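The residues making up each chain are set out below.
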Amino acid sequence: MAKALSDRLVAIFSRNAEHASELSTPLGVGSFSDYAELGRLKPDVIIISIADHAVSEVVASIGRLDYSPLVLHTSGTLTKEILCPISDRTGILYPLQTFSKGCAVDMTTVPFFTEASSPEDLEIVDALASSVSVTVRHADEAHRRVLHVAGVFTSNFTNILLDCVERILSEAGYGLDVVKPLLKATVAKAFEVGPRAAQTGPARRGDYEVLARQEASLPEDLQPVYKVLSDLIIKTYHKGRNESH
């Protein structure tokens with residue numbers, strides 16, 4: 001996000017001076033670890049983009065700024081009111097995307113969801129988001145929480161399942177790369193015809209003998225995962241049948 005906004009950045013702040021410098025140097029902007037510098041620089045907009053659990057602490061460290069900047073955070077679960085100790089002008093700039101250090105993201109494709117404490121400030125947030133992405137929508141607290149949990153299912157749960165896949169394959173001497181074409185085809189088909197129409201496999205067919213054999217073949221800690229997901233598929237496609245493999 002910093003790279004995408006580099007033409008309008010004033011500075012990068014971090015509680016860790018090394019982290020601030022690492023991010024700011026390639027962008028040619030200043031870096032600071034002392035939040036008191038915010039009062040001197042007086043940026044029009046402050047974006048707090050950190051882990052949810054750390055936002056309150058950072059807000060308290062910044063304290064009240066007497067020039068009333070627009071303060072935003074990028075969380076999908078926190079309210080904009082958490083920013084009120086800094087300024088009465090608050091808002092949200094929430095990107096529905098996963099970010100990991102060292103992994104590039106095409107920010108133009110990332111949907112942004114915005115909110116602000118006034119119509120005037122919402123225009124500013126929307127303009128900021130539109131300068132980064134082609135998809136900008138409004139979302140209040142309740143809607144962002146729906147988006148966030150959907151993101152957890154989409155990204156976090158998929159990732160941990162792929163970790164399980166990697167474990168299963170490694171025991172047979174294969175790498176994760178062997179399922180890459182399958183995963184790509186699965187995702188493409190789900191978006192083309194819808195996930196319900198795209199579903200295949202033994203649970204979809206109600207093939208309980210195969211399900212039992214596959215469950216028994218797995219490491220003990222993965223068996224409950226296999227059973228829960230298979231049962232969910234069975235309940236989705238075989239309503240009225242109470243059999244559980």
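Quick note: structure is the one above.
For the structure given in this document, a descriptive report is provided here. (Residues numbered from 1 in each chain as written. Predicted model: local features only at pLDDT ≥ 70, side-chain atom pairs only at ≥ 80, totals over all residues. Heavy atoms only, no water.)

**Side note on the side chain of Ser-24**
Alright, step 1. Of note, Ser-24 is situated in helix α1 (residues 17-24).
Alright, step 2. Looking at Ser-24, the relative accessible area reads 1%, which means it is buried.
Alright, step 3. For Ser-24, the contacting residues outside a window of four places in its chain are Ile-12, Val-29, Gly-30 and Ser-31. (Helix = DSSP H or I, 4+ residues; strand = E, 2+ residues; numbered from the N terminus. Buried < 20%, exposed > 50% of the residue type's maximum accessible area, 1.4 Å probe, protein only. Contact = heavy atoms within 4.5 Å.)

**Some words on the pairing of strand β4 (residues 70-73)**
Alright, step 1. Of the two faces of β4, both are covered, the one formed by Leu-70 and Leu-72 as well as the one formed by Val-71 and His-73.
Alright, step 2. As for the winding sense of the linkage, the β-α-β connection from strand β3 (residues 45-48) through helix α3 (residues 52-62) to β4 is right-handed.
Alright, step 3. Taken together, the three bridges between β4 and strand β5 (residues 90-95) define a ladder with parallel strand orientation. Bridge pairing in β5 places Val-71 opposite Thr-90. (Right-handed = clockwise from strand over helix to strand, strands pointing away. Pairing = 2+ DSSP bridges.)

**Digging into the packing of helix α9 (residues 208-217) against helix α10 (residues 223-237)**
Alright, step 1. Between α9 and α10, the shortest axis-to-axis distance is 9 Å and the interhelical angle comes to 160°. Taken together, the axes of α9 and α10 are roughly antiparallel relative to one another. Helix-helix and strand crossings are classified by hand; for α9 and α10 the assignment is right-handed. Packed against α9, whose contacting residues are Tyr-208, Val-210, Leu-211, Gln-214, Glu-215 and Ala-216, the element α10 presents Gln-223, Tyr-226, Lys-227, Ser-230 and Ile-234 at the interface.
Alright, step 2. A per-class count over the contact of α9 with α10 returns six nonpolar, three polar and two charged. (Axes fitted to C-alpha atoms, helices over the stretch in contact; angles between N-to-C directions. Parallel < 35°, antiparallel > 145°, perpendicular 65-115°, else oblique. Left-handed = near helix turned anticlockwise from the far one by under 90°. Nonpolar A, V, L, I, M, F, W, Y, C, P; charged D, E, K, R; others polar.)

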